[in-house]
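A structural walkthrough
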Amino acid sequence: MYFLERIFYMVLVLVGVSILMFVLVRIIPGDPIATALGPMATQDSIQKMRREMGLDRPIHVQYLLYIKGIAEGKLGLSLTEKRDVLEIIQEKLPATIELIFVSMTLAVLLAIPLGVISALHQNSLIDHLNRITALFGVSFPSFWIGIMMQLLFGLALGLLPITGRISGSPPEAITHFYLIDSLLTLNFRAFWNSFLHLILPASVLCLSPLANVTRLIRANMIDQMSKDYINVSKAAGMSGWIISYKYMLRNAFTSALTMIGFLIPLMVGTAFVVEKVFAFPGLARFGADAIIANDFNGVMGVTLVISVAFVIVNFLVDELYAVLDPRIKLKR
Amino acid sequence: MKENIIVKIEDLVVHFKTIDGVLKVLQGVNLVVHEGEVVGIVGETGCGKTITAKILLGILHIPPAIIKNGKVIFLSQDLLKTNQTDREALKQKIGYIPQDPTASLNPVFSIGTLMVDMILWKRSGQHLGDYLWKRRETSQKKMAETYAAELLDKVHIAAPKSILNKYPVELSGGMRQRVLLAMALIGSPSLLVADEPTTALDVTIQKSLLHLLQEKVKEERLSGLYITHNLGVARAICHRTYVMYAGSVVENGVTSEMLDQPLHPYTKGLVNSIPKLTGEQFQGIDGQVPDYLNPPPGCRFHPRCDRRMEICSREFPEMTQVKENRSVVCWLYH
Amino acid sequence: MKEEKQVRKEGVVRGIIKISRNKLSVAGAIFLLVAILLAIFAPWVSPYPEDAYDSVNFGEQLQPPGLKHIMGTDEAGRDVFTRVLYGARISLLLAVVVLSISISIGIPLGICAGYYGGRIDQVIMRMTDVTCAIPALVLALAISVALSPNLFNCMLAIGFVWWRGFCRIAYGETLSVKQENYVLISKSLGASNGHIIFREILPNLTSSLTVKTSLDAGYAILVGTSISFLGAGANPPTPEWGLMVASGRHYLPDAWWASLFPGLAIFATVLSFNLLGDGLRDYFGVEVE
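What counts and what doesn't
- Residues numbered from 1 in each chain as written.
- Chains lettered and ligands numbered in written order.
- Predicted model: local features only at pLDDT ≥ 70, side-chain atom pairs only at ≥ 80, totals over all residues.
- Helix = DSSP H or I, 4+ residues; strand = E, 2+ residues; numbered from the N terminus.
- Rg over C-alpha atoms; globule rule 2.2 N^0.38 Å.
- Buried ≥ 20, exposed ≤ 12 C-beta atoms within 10 Å, placed from the backbone.
- Contact = placed C-beta atoms within 7 Å.
- Domains from an automatic or database assignment.
- Nonpolar A, V, L, I, M, F, W, Y, C, P; charged D, E, K, R; others polar.
- Pairing = 2+ DSSP bridges.
- Axes fitted to C-alpha atoms, helices over the stretch in contact; angles between N-to-C directions.
- Core = buried A, V, L, I, M, F, W, Y, C linked by C-beta atoms within 7 Å.
- pLDDT = per-residue confidence, 0-100.
- Expected span 1.5 Å × (residues − 1).
- Bend = angle between axes of the 7 residues up to and from the residue.
- Parallel < 35°, antiparallel > 145°, perpendicular 65-115°, else oblique.
- Left-handed = near helix turned anticlockwise from the far one by under 90°.

A tally of helices and strands in chain B yields 11 helices and 12 strands. Here chain B has a C-alpha radius of gyration of 21 Å; the compact-globule value for 334 residues is 20 Å, and the two agree. In terms of its C-alpha atoms, chain B occupies a principal-axis envelope of roughly 70 × 50 × 45 Å. Looking at chain B residue by residue over its 334 residues, the buried ones come to 42%.

With that settled, consider the overall build of chain C. The number of helices and strands found in chain C is 11 helices and zero strands. Listed by position from the N terminus, the elements making up chain C come as α-α-α-α-α-α-α-α-α-α-α. Its C-alpha atoms give chain C principal-axis dimensions of roughly 75 × 45 × 25 Å. For chain C, with 289 residues in total, the buried portion stands at 46%. Expressed as a percentage of contacts within chain C between residues at least 6 apart in sequence, the contacts between residues at least 24 apart total 70%.

How big an interface is tends to be stated in terms of accessible area lost as the parts join. Residues and elements named next belong to chain B. Considered domain by domain, chain B is made up of domain 1 (5-93 + 192-289 + 318-333) and domain 2 (103-188). Relative to domain 2, the C-alpha centre of domain 1 lies at a distance of 29 Å. Domain 1 puts 13 residues into the contact, and the matching count from domain 2 is 12 residues. Every element with two or more residues in the side of domain 1 that touches domain 2 is listed here: α2 (84-91) and α8 (203-219). Here the residues of the side of domain 1 that touches domain 2 sort into eight nonpolar, two polar and three charged.

Now for the arrangement of the chains. Ranked by contact count, the leading pair among the two pairs of chains in contact consists of chains A and C. With no contact formed, the shortest span from any C-alpha in chain B to any C-alpha in chain C equals 9 Å.

Glancing now at the sheet that holds strand β8 (residues 223-228) of chain B. Residues and elements named next belong to chain B. Reading across from one edge, β6-β7-β8-β3-β9-β10-β12-β11 is the order of the eight strands in this open sheet, with mixed pairing throughout. Each edge of the open sheet is held by one strand with a lone partner, namely β6 (94-97) and β11 (319-323). Adjacent strand axes in the sheet meet at a mean angle of 20°, parallel and antiparallel pairs treated alike. Its contacts with the sheet place helix α7 (residues 173-184) against β6 and β7 (191-195), and it is angled at close to 170° to β6.

Once that is clear, we can look at the nonpolar core. Residues V193 and L225 of chain B together with A140, L141, A142, I158 and A220 of chain C are the most contacted members of the largest nonpolar core, which totals 248 residues. The biggest single contributor to this core is helix α11 (residues 240-277) of chain A, with 17 residues. In this structure L141 of chain C touches I291 of chain A together with I227, L230 and A232 of chain C, once residues within four positions along its chain are discounted.

Time to look at the confidence of the model for chain C. All names here are of chain C. Here chain C averages 82 in pLDDT, and 91% of its residues register 70 or above. Mean pLDDT in chain C bottoms out at helix α1 (residues 2-21), which sits at 63, and peaks at helix α10 (residues 241-249), which reaches 90. Two numbers describe this predicted complex: its pTM, 0.84, and its ipTM, 0.85.

Looking now at the interface of chain A and chain C. At the interface, 39 residues of chain A touch 37 residues of chain C. Looking at which element gives the most residues to the side of chain A that touches chain C, the answer is helix α1 (residues 2-26) of chain A, with eight residues. Class assignment of the residues belonging to the side of chain A that touches chain C gives a composition of 31 nonpolar, seven polar and one charged.

Looking now at α1 of chain A. Taking 1.5 Å per residue, 25 residues should reach 36 Å; α1 of chain A reaches 37 Å between its end C-alpha atoms and fits that length. Every buried residue of α1 of chain A is listed here: V17, L20, M21, L24 and V25 of chain A. On its buried face, α1 of chain A is in contact with α13 (296-324) of chain A together with α5 (118-133) and α6 (136-146) of chain C.

What follows covers the interface of chain A and chain B. Residue-level contacts link 22 residues of chain A with 24 residues of chain B. Elements with a contribution of two residues or more to the side of chain A that touches chain B: α10 (228-235), α11 and α14 (326-331) of chain A. A per-class count over the side of chain A that touches chain B returns 11 nonpolar, five polar and six charged.

Here we come to the sheet that holds strand β5 (residues 77-78) of chain B. In a beta sheet, neighbouring strands are held together by backbone hydrogen bonds and run either parallel or antiparallel to one another. All names here are of chain B. Taken in spatial order, the four strands make up an open sheet running β2-β1-β4-β5, and their pairing is antiparallel. Either end of the sheet is taken by a strand with one partner, and the two such strands are β2 (21-34) and β5. As defined by bridge partners, strand β1 (residues 5-18) adjoins strand β4 (residues 65-74) across eight bridges and the pair is classed as antiparallel. Looking at β4, one finds that V14 is bridged to I67.

Structurally, S118 of chain A is set in helix α5 (residues 85-120). Non-local contacts of S118 of chain A, meaning those with residues more than four positions away in its chain, are made with I126, D127, N130 and R218 of chain A.

So, about α5 of chain A. Helix length check: α5 of chain A (36 residues) gives 50 Å between terminal C-alpha atoms against 52 Å at 1.5 Å per residue, within 8%. For α5 of chain A, the principal kink sits at K92 of chain A and spans about 35°; a proline, P94 of chain A, occurs within the next four residues.

In this section: the environment of L231 of chain B. Residue and element names in this part refer to chain B. The residue L231 is located in helix α9 (residues 231-237) in this model. A residue is classified by how many C-beta atoms lie within 10 Å of it, and L231, with 20 of them, is buried. Separated by 185 residues in the primary sequence, L231 and G46 place their C-alpha atoms 16 Å from one another. Not counting residues up to four positions away in its chain, the partners in contact with L231 are V42, L259, L270, V271 and I274.

Moving on, we come to unusual backbone geometry. Cis geometry is found at the peptide bond from P236 of chain C to P237 of chain C, where omega equals 5°. Following the sequence through the fold, P237 of chain C ends up in the loop between α9 (193-230) and α10. Phi is positive for E196 of chain B, which is not a glycine, with a value near 40°. Topologically, E196 of chain B is positioned in the loop between β7 and α8.

Attention now goes to the packing of α6 of chain C against helix α7 (residues 151-179) of chain C. Residues and elements named next belong to chain C. Packing of α6 against α7 leaves a shortest axis separation of 8 Å and a crossing angle of 135°. On the basis of their axis angle, the class for α6 and α7 is oblique. The way α6 lies across α7 gives a crossing that is right-handed. Residues A136, L139, A140, I143 and S144 of α6 pack against N153, C154, A157, I158, F160 and V161 of α7.

We now examine the environment of T258 of chain A. When you line up the elements, T258 of chain A lands in helix α11. Along the backbone, T258 of chain A and Y321 of chain A are 63 residues apart, and their C-alpha atoms lie at a distance of 8.5 Å.

Turning to the pairing of β6 of chain B, a few remarks are in order. All names here are of chain B. Of the two faces of β6, the one lined by I94 and Y96 and the one lined by G95 and I97 are each fully buried. Sheet analysis places β6 next to β7, joined by four bridges and oriented parallel. Paired with I94 across the strands is L191, a residue of β7.

This is the structure in structure tokens:
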């Protein structure tokens, strides 16, 4: 019963989002088809294309046709890349997922110890340093810090590659995630190479979530310190380590989960810029180009992916919540 | 009553730093608990009784609290001067029963997890490596669970083994408090510190819990420090009681004797505030609890005292030992 | 009444003391003030005001920072420092526009949803949820392009996306205040809806609203400059910071100053908004995203 409710709600959101974007990309001034076909195109060919893409029909018909197309596995022709959007998604989505996954893992893995240490040693040097670095982290414009890091680590120091996903041939495609595929096929060169390519973009992408999650964990841990059940453990002489990392952290992290779920869409947005700066061949870069070029099928495709991902992430976060906090599980 | 002293608090002075200034809360608390007796601390909310208990338990947050002076001696060691490891070892000998059973059990862990953690920690002699190893060992875990079930049985919880798998939210208030009592008994402590443990419970459960406490104290031969604002409870369960007002002890003695014939004007006022069945108009005590920021000079009770003298507003009274185990801190008796 | 005012005054004084203890927020506030002043007086303070928009000095192209041009010149020979100062006007204006739009849409909607509940609640909150599913940057980018990309449309676009955050906090606050006893009592005494909204609910909102405004101003500038960087916002020759970083990018790594300084300006401005917001957050004791 509970699941049905949630599924219904999620479908509602998906439909709402698709309608919103659908309308948005069609009310643009100018003629994207003419631009796509180039200055040499004749009026005839432009009109022909318009008819082919269904742009001469009323908008609600267009929408229904589009939904029908999805069911058939056709997401429409992309004006920027001249092929079906589904193909583009299949090709570019893994790259973006890999990037976001690595960034998020980095952010959370670093934020937990930093947050805990800051809370346990409030107002110490480490705490202040953390706070300042966190503030810096959320204030950098991602495109600018990306460029600066390219200059510093790529060009000045020559340590890291600054564009692309890999140099040389990619590993054999099993999951399309270079890191996993290269490990599975024991292709260590490809692993190391793709890892190096991920470092800079992932670092830029994780700055903002890292700062937010650290601050949140710190605040939650401090909140835990005044809890009665912690006092009971302290009075029993339990080890400080157990109290901090088992008793307090569990509660602190659970409260941080909703924010972490909320941060992933934010990361996706930043990815649009980061992939552009680092010429990372992911779906976000395609999305940015598509929006600017009024590639409506491309934009719809990307929107679909984003909203489905949003729904999935929300679902996962809710489930994780129930696992970590038995009160939620029992309420159901 | 044996003469072994379990707890001795001498001249404890504690201040609190806040945004508004320094609160001079504890003004010189003197307290003794002998082996085998239950000592009560009675007083209004805000008189400092919980702070005293917290210092004994080692759970007072030291900034913002500042311990200006005094000794807190437990089993012949001054807790204020011991290092962390020794302190942790001593904590094993004190059991704590907190006030609010709902807030005192970590909601995301099962009762079993909480109890086994404590049991194995005590068993490993507060050694982290040893604890971690024991925690992973099935046989150790089973032994700990058996012991936990035994303790739960001791506090009259039915079907103790099944309770181990439950979460605090699944238990009633009374059961949670019993679980806390069981946890306090882990490792056979010498002293039980109870901070108004029945306040958050229904009246009917209060009674049964009090009986349970008395029973365990006798069975396990524990000493007890019982904090309450309820004179009736103190009379029922405490051999001797200290009355605190505004950060210091004003009177102490054998409970029934002291409450039948109170010496200090404040104690008299407390006793008279209890509505009596004879239907007389009951009296409160005029005035309000003093401001710790700027406490009244001399005896802190003097502004509210109907028998104050000139010296009361100048100097803090010295303690007068009326007889063995009976003293009062008031100029009237000096 | 007088006592209330006295207590409030004491509270404000205590608050100021509390904030000034936090030196970082004070630093943030000061820098912000400086930035605002520089922005307002840019035409008088900048060394080459004619370079702000449309001027081409072929002889001076891509000069490194030096005595004549403390931040160097860009690809059209314009003084970067001047353009950075003018850029402050644009970005600060953007923050003001975006926040005005989003607050004036978001807060009333949120309060209505929370207060009247039922159908209105469902409709408004579902709309909010739908707009939350897409990242702010993406949606704003799409709207900006849909409206035809220029600076003003970019501001509108971000404003239209931003209202969801304010709607949410207004909604949450309204819900919690609605349950409070003093509101129920007011209602039973016959207070009108308007009275309750303005006298009880709004004042409770002010603390989280102030914090959120300060933090969001910084974030709006980040989104705005990102959109211009991608090419869907300000158009040349506007001295918009994001656009300047994008144009300067073509001349890296040699002419590093053309991209560095505008980006640094963005960073400094956003940082000061964040410092201020952080300090306000501590002062009010509020937890705002």
